[in-house]
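Single-letter residue listing:
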Amino acid sequence: MTHRERELPFLNWKNFLTGNIMVTGVMEVLENIRKMNPGRKIKIMNFCGTHEHEISRHGIRSVLPEWIELIAGPGCPVCVCGEGEIRAAIELASRGINVLTYGDMMRVPIRMNGNVTSLEKARATGAKVRVVTSPLDALSIATKSNEDFVFFSVGFETTTAPLAGLLERGVPDNLKILTAHKLTPPALDLLIKDEDVMLDGILAPGHVSTITGSMEWRRFAEEYGIPTVIAGFTPGQILEAIYRLVLQIKNGEAKLENVYRGIVTEHGNIRAKMLMEKHLYIDKAWWRGIGEIEKSGFYLKSRDIDAVHFYGLEVKNEENDMLPGCSCKDVVLGKKLPKDCPLFGKACTPDDPKGPCMVSSEGACSAWFHYLREDI
Ligand code: SF4
């Protein structure tokens, strides 16, 4: 199998299941996109890390006309989690408190006390860190033990909803929560105002929209005049969304469309949003590589279960929070592609990540390393 065939597995597919419709003939979709050449380069941001992963995995960039530039955005919560929150988790684990967190967080490299470390490295030196797969997993572990636990919970709206479900259920006295949850739309507001980015279209996130509802993204079309389409994660969904974005651009329109029909509704998951509002409040948050963004973080309303308050932690983030040579800051802002980082695939690999974008499968550098390395 040639490199190109490996990049284009979907070209052999006859049918695409796209949410709730079956699209036949992906070649026709591609042909229709190609025919709409607007006579200039257009820049589309796929905000979501899972979109970037699937775009890379299926070689979608390589079959699009050269006048479409698809750039990745900051839609990887692991990539934008502040060093300060991870340092706080390591400090807790080093004090002998059991820290429970998602597997993706384990290998994120951060600076601490003059060294480069991670939760995984801290565990290797005796810190108490364990991987969990969900808030209920954390609850189950804590409930069966007399030891003290902190659930280090990280993510966007999609994982904030299960955390809110846990809070509604109630947590035992020996379980506290350290949160690094973020809202996605404020980051997009920031990017749209960045003159170095200048987006023509937005491929809006499917997972997040199942919680927020499509209405969260309407203002990007109506207020900023940027065509916006919500899509799921099959190649057919992604190509259909790109087709609709290009069509809008060609017709001089800017509206919100949703091709993840049947999954994403206008108002999203009402129950989840109600629980999130009941147990969490929204305030400014630090996005690694980007900085502080107003109204972009979820925080616990109950101080009794807040690990920062309970253990008297200081969560401190500061500018220049990437390791030397790492271009993640520009990657998450859509200003650089992973391959443009001098460390990509050389000093920085998934086995030895030098930046957060190489750790999670939702990180752009990780996706490019696995599917778009030129030496594959
Ligand atoms: Fe950072 Fe590694 Fe990506 Fe370069 S390749 S931007 S060092 S994560």
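Residues numbered from 1 in each chain as written. Predicted model: local features only at pLDDT ≥ 70, side-chain atom pairs only at ≥ 80, totals over all residues. Heavy atoms only, no water.

### Here we look at the pairing of strand β11 (residues 201-204)
- Here β11 shows a buried face lined by Gly201 and Leu203 and a second buried face lined by Ile202 and Ala204.
- Two strands pair when backbone bridges link them, and β11 and strand β12 (residues 228-230) are joined in this way by 3 bridges, in the parallel orientation. Looking across to β12, one finds that Ala204 is bridged to Ile230. (Buried < 20%, exposed > 50% of the residue type's maximum accessible area, 1.4 Å probe, protein only. Helix = DSSP H or I, 4+ residues; strand = E, 2+ residues; numbered from the N terminus. Pairing = 2+ DSSP bridges.)

### Points about the pattern of salt bridges
- In total, this model carries 22 salt bridges according to the counting rule given.
- Here Arg34 makes a salt bridge to Glu31, at a shortest N to O gap of 3.5 Å. Separated by 3 residues within a single helix, Arg34 and Glu31 lie in helix α2 (residues 26-35), roughly one turn from each other.
- The class of Arg34 is partly exposed, set by a relative accessible area of 31%.
- The shortest N-O distance in the salt bridge between Asp194 and Lys335 comes to 2.9 Å. Taken together, the residues span a long stretch of sequence, with Asp194 in the loop between α10 (185-192) and β11 and Lys335 in the loop between α16 (328-332) and α17 (364-371) at a distance of 141 residues.
- On the accessibility criterion, Lys335 (35% relative accessible area) is partly exposed.
- What emerges from the salt-bridge pattern is a single network uniting Glu83, Arg87, Arg111 and Arg288. (Salt bridge = Lys/Arg side-chain N within 4 Å of Asp/Glu carboxyl O.)

### Things to note about the state of the cysteines
- All told, the structure shown has 1 disulfide when counted by the stated rule.
- The side chain of Cys76 participates in a disulfide bridge whose partner is Cys79; the two sulfur atoms lie 2.4 Å from each other. Between Cys76 and Cys79 the disulfide shows an S-S torsion of about 80°. By sign, it is right-handed. In terms of burial, Cys76 and Cys79 fall into one category: buried.
- The thiol sulfur of Cys48 is not disulfide-bonded, and the nearest other cysteine sulfur, from Cys76, lies at 9.6 Å. (Disulfide = S-S within 2.5 Å.)

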